[in-house]
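Fold and contact review
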Amino acid sequence: MSDAPAPEPRSVLVTGGNRGIGRAIAEAFLAQGDRVAVTTRSGGAPEGALDVRCDVTDPEAVEAAFAQIEGAHGPVEVLVANAGITADTLLLRMSEDDWSSVLDTNLTGSFRLAKRASKGMLRLRRGRIVLISSVVGMLGSAGQVNYAASKAGLVGMARSIARELGSRSITANVVAPGFIETDMTAVLSDEQKDTIKSQVPLQRYGTCEEVASTVLWLTGPGATYVTGAVIPVDGGLGMGH
Ligand code: NDP
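Residues numbered from 1 in each chain as written. Predicted model: local features only at pLDDT ≥ 70, side-chain atom pairs only at ≥ 80, totals over all residues. Heavy atoms only, no water.

Quick notes on the overall build of the protein
Scanning the protein from N- to C-terminus turns up eight helices and seven strands. Taking 2.2 N^0.38 as the reference for a compact globule, 241 residues should give roughly 18 Å; the C-alpha atoms of the protein span a radius of gyration of 17 Å, in line with that estimate. Principal-axis analysis of the C-alpha atoms places the extent of the protein at approximately 50 × 45 × 35 Å. Per-residue burial for the protein yields a buried fraction of 51% across its 241 residues. Expressed as a percentage of contacts within the protein between residues at least 6 apart in sequence, the contacts between residues at least 24 apart total 67%. On the protein, roughly 11900 Å² of surface is accessible, and the fraction owed to carbon and sulfur atoms is 53%. (Helix = DSSP H or I, 4+ residues; strand = E, 2+ residues; numbered from the N terminus. Rg over C-alpha atoms; globule rule 2.2 N^0.38 Å. Buried < 20%, exposed > 50% of the residue type's maximum accessible area, 1.4 Å probe, protein only. Contact = heavy atoms within 4.5 Å. Areas by Shrake-Rupley, 256 points an atom, 1.4 Å probe, with all protein chains shown as cover.)

Comments concerning the site of the ligand
Close contacts around the ligand come from 30 residues, with Asn18, Ser42, Asn82, Tyr147 and Thr182 the closest. In this structure, an oxygen atom belonging to the ligand sits 2.7 Å away from a side-chain N or O atom of Arg41. Contact with the protein chains covers 96% of the free accessible surface of the ligand, which is 890 Å². The cavity that encloses the ligand is the largest pocket. (Near = heavy atom within 4 Å. Polar contact = N/O pair within 3.5 Å; in protein donor to acceptor, adjacent residues only side chain to side chain. 1 Å grid on protein atoms, 1.4 Å probe; cavity = no way out; pocket = protein on both sides within 12 Å on 5 of 7 lines; lining within 4 Å. Sits in = over half its atoms within 2 Å of the grid points.)

Overview of the pairing of strand β5 (residues 127-132)
In the case of a regular strand, side chains alternate between the two sheet surfaces. Of all six residues making up β5, six are buried, and the element is well covered by its neighbours. Pairing geometry for strand β4 (residues 78-81) and β5, over four bridges, is parallel. Bridge pairing links Val80 to Val130 in β5. Note that β5 and strand β6 (residues 170-177) share six bridges and pair parallel. Along β6, the bridge assignment pairs Ile129 with Ala172. (Pairing = 2+ DSSP bridges.)

Section: the confidence of the model for the protein
Within the protein, residue pLDDT values average 96, and 98% of them lie at 70 or more. Per-element averaging of pLDDT across the protein places helix α6 (residues 183-186) at the bottom with 87 and β4 at the top with 99. (pLDDT = per-residue confidence, 0-100.)

Regarding the sheet that holds β6
As summarised here, the arrangement of the seven strands in space is β3-β2-β1-β4-β5-β6-β7, forming an open sheet in which the pairing is parallel. The outermost strands of the open sheet, each flanked by one partner alone, are β3 (50-53) and β7 (230-233). Direction aside, the axes of adjacent strands within the sheet are offset by 20° on average. Of the strand pairs in this sheet, strand β1 (residues 11-15) and β4 are connected by three bridges, and their pairing is parallel. Paired with Val12 across the two strands is Val78, which belongs to β4. (Axes fitted to C-alpha atoms, helices over the stretch in contact; angles between N-to-C directions.)

A closer look at the layout of surface pockets
Roughly 1300 Å³ of volume is contained in the largest pocket. Lining the largest pocket we find 49 residues, and of these Ile85, Thr86, Tyr147, Met184 and Thr185 sit closest to its centre. Within the residue set of the lining of the largest pocket, elements represented by two or more residues are α1 (20-31), β2 (35-40), α4 (136-139), α5 (145-165), α6 and α7 (190-199). Ranked by the residues each element gives to the lining of the largest pocket, the list is headed by α7, at four residues. Considering only residue class, the lining of the largest pocket consists of 19 nonpolar, 24 polar and six charged. There is about 480 Å³ of room inside the second largest pocket. What lines the second largest pocket is a set of 24 residues, among which Pro7, Glu8, Arg10, Glu77 and Thr219 lie closest to the centre. Split into classes, the residues belonging to the lining of the second largest pocket amount to seven nonpolar, ten polar and seven charged. (Points joined across faces, edges and corners; volume = space filled by probe spheres on them. Nonpolar A, V, L, I, M, F, W, Y, C, P; charged D, E, K, R; others polar.)

Here it is in structure tokens:
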């Protein structure tokens, strides 16, 4: 066993941490002893996490959530902006609402969170921001013009934050999962799932835990010199982008 002291617990915020990828990320931080807050619209955070209701499309709710989290756990030192939605349909059928609801949740929601979290991080003079994007942000995807645009936007956002806040030891990175078994992908038909699998070099879906372990690494002591990066967790599906 190592004699190295255990790392100090940090105040961690994971949005959308009641299920799927976000839940696995929250559980991984809890397992290493961090103080974890989980925000969702419907509740149901994992045991041991602070369960905070917050719709990321509502700026006042985001402000109230941060006040609650800071009161309980101190300033957020690690932000994982994971909450996201899809509203898939082909371009010609895509309504203004399909477009704006996805952009407002996935892209503008992440902006609201990163902006608010950076206040505390600037005071601490350290912080880790991880934005959960998707392989389709770079690859594109028929029927996902809104979703792919929102996920591609996160790359420019993270890289700009990395440049703005790097001098204060704040990193901003993107994790781009491929196809992961969650509620979001459960809606796909077996045929669609088989087609996707056949295009993935590793020939399978990923697990939520495989995404969580990458996020843990990016926010841990092994990634102090990594910022503005896009880390794929996609079985090789998006390589070359
Ligand atoms: P799920 O659909 O399983 O969960 C989505 C989460 O986001 C829920 O916790 C939901 O909680 C929360 N959420 C959605 N809208 C809002 C909102 N307006 N305000 C607050 N919370 C919200 O998604 P996954 O676990 O599959 O995906 C998680 C992230 O990973 C998403 O950003 C997704 O785009 C991305 N991703 C997923 C992939 C996959 O294959 N599954 C692949 C690539 C990327 P509640 O409903 O309670 O608010």
